[in-house]
Amino acid sequence: YRGNQLQMTQDGALTMSDPGGANSHRLVRVEFADERFTPEEAGANQSWRLPTDYERSILDRLLEVDFPGRPAVAAEARDCRVRQMDRCGCIEFQSGAESDGELAIVAEGSGPRDEHGAPIEVMLTLRAGHLLWLEFHRYGGPSDFRPPARAFEVVPWGSAPRSTI
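Okay, so let's go over this structure.

What counts, and where the lines are drawn
Residues numbered from 1 in each chain as written. Predicted model: local features only at pLDDT ≥ 70, side-chain atom pairs only at ≥ 80, totals over all residues. Heavy atoms only, no water. Buried < 20%, exposed > 50% of the residue type's maximum accessible area, 1.4 Å probe, protein only. Helix = DSSP H or I, 4+ residues; strand = E, 2+ residues; numbered from the N terminus. Arc of directions from axis to C-beta. Pairing = 2+ DSSP bridges. Axes fitted to C-alpha atoms, helices over the stretch in contact; angles between N-to-C directions. Contact = heavy atoms within 4.5 Å. Polar contact = N/O pair within 3.5 Å; in protein donor to acceptor, adjacent residues only side chain to side chain. Lys, Arg positive; Asp, Glu negative; His and termini not counted. Salt bridge = Lys/Arg side-chain N within 4 Å of Asp/Glu carboxyl O.

With that out of the way, let us pick up helix α2 (residues 53-62). By the burial criterion, the buried members of α2 are Tyr54, Glu55, Ile58, Leu59, Arg61 and Leu62. An end-on view of α2 places all buried positions within 160° of arc, on one side of the element.

A few words on the sheet that holds strand β9 (residues 153-156). Two pairing modes exist for strands in a sheet, parallel and antiparallel, and in both the strands are linked by backbone hydrogen bonds. The strand order across the open sheet built from 6 strands is β4-β5-β8-β7-β6-β9, with neighbouring strands paired in antiparallel fashion. What marks the edges here is a single partner per strand, and that holds for β4 (82-84) and β9. Neighbouring strand axes in the sheet, compared pairwise and without regard to direction, differ in orientation by 20° on average. Relative to strand β8 (residues 130-138), strand β7 (residues 120-127) is paired through 8 bridges, and the arrangement is antiparallel. By the bridge assignment for β8, threonine 125 is matched with tryptophan 133. Across the sheet, α2 touches β4, β5 (91-93), β6 (103-110), β7, β8 and β9, and the angle it forms with β8 is around 105°.

Counted residue by residue, β7 has 7 buried out of 8 residues, so it is predominantly covered. Where β6 and β7 come together, 7 bridges link them in antiparallel fashion. Residue serine 110 lies in a different strand from β7, and its bridge partner there is glutamate 121. Hairpin connection, β7 to β8: the antiparallel pair is bridged by 2 residues, and alanine 128 has positive phi, about 50°.

Looking now at the side chain of serine 99. Topologically, serine 99 is positioned in the loop between α4 (94-97) and β6. Of the polar contacts made by the side chain of serine 99, one reaches the backbone oxygen of serine 95; its length is 2.7 Å. Residues within four places of serine 99 in sequence aside, it is in contact with Arg127 and His130.

Relative to the elements of secondary structure, glutamate 76 occurs in helix α3 (residues 70-78). We note that glutamate 76 is buried and unpaired, the nearest opposite charge coming from arginine 56 at a distance of 9.9 Å. Those residues in contact with glutamate 76, other than ones at most four positions away along the chain, are Ser95, Gly129, His130 and Leu131.

Glancing now at the pattern of salt bridges. Inspection of every chain in the model, using the stated rule, returns 4 salt bridges. Put simply, glutamate 55 and arginine 49 hold a salt bridge, and the shortest N to O gap is 2.9 Å. Put simply, glutamate 64 and arginine 61 hold a salt bridge, and the shortest N to O gap is 2.4 Å. Its relative accessible area of 41% is what places glutamate 64 among the partly exposed residues. Judged by relative accessible area, which is 14%, arginine 61 ranks as buried.

Spelled out as structure tokens, the structure:
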């Protein structure tokens with residue numbers, strides 16, 4: 001968006017203006033809620049566990065995407081252990097957390113908008129070829145919005161059109 005001006009407001013919101021373009025003087029305001037755990041919540045969520053049915057369904061949906069090393073990652077996913085990272089529902093996988101090496105986002109998905117029109121996206125990240133993170137990105141709306149896995153359009157990382165929040 002050449003020519004747009006981005007500005008951070010005092011309350012932490014990002015404002016974008018498009019002076020003179022097709023959306024002349026249109027302001028877009030995006031607010032990000034801090035969904036990180038408090039120290040107490042983080043301490044309570046440090047035990048490795050099996051993924052919930054919902055986490056498993058989203059993971060399986062992202063594993064439908066073809067990417068290098070997918071068969072080995074899919075095999076690892078069958079017996080994976082996870083822990084929750086934040087209130088949005090992002091999870092960390094034990095295998096990736098205990099590995100060293102390069103990070104690679106391999107798959108992403110965009111889901112339906114919630115009742116307020118806020119989009120939801122998911123991403124799968126590997127470290128050294130091992131599962132590391134399953135992330136839920138919400139751009140507003142409730143953190144408990146959980147559309148079914150089939151409602152997500154999944155593609156290899158970088159091949160989806162960028163969100164138009």
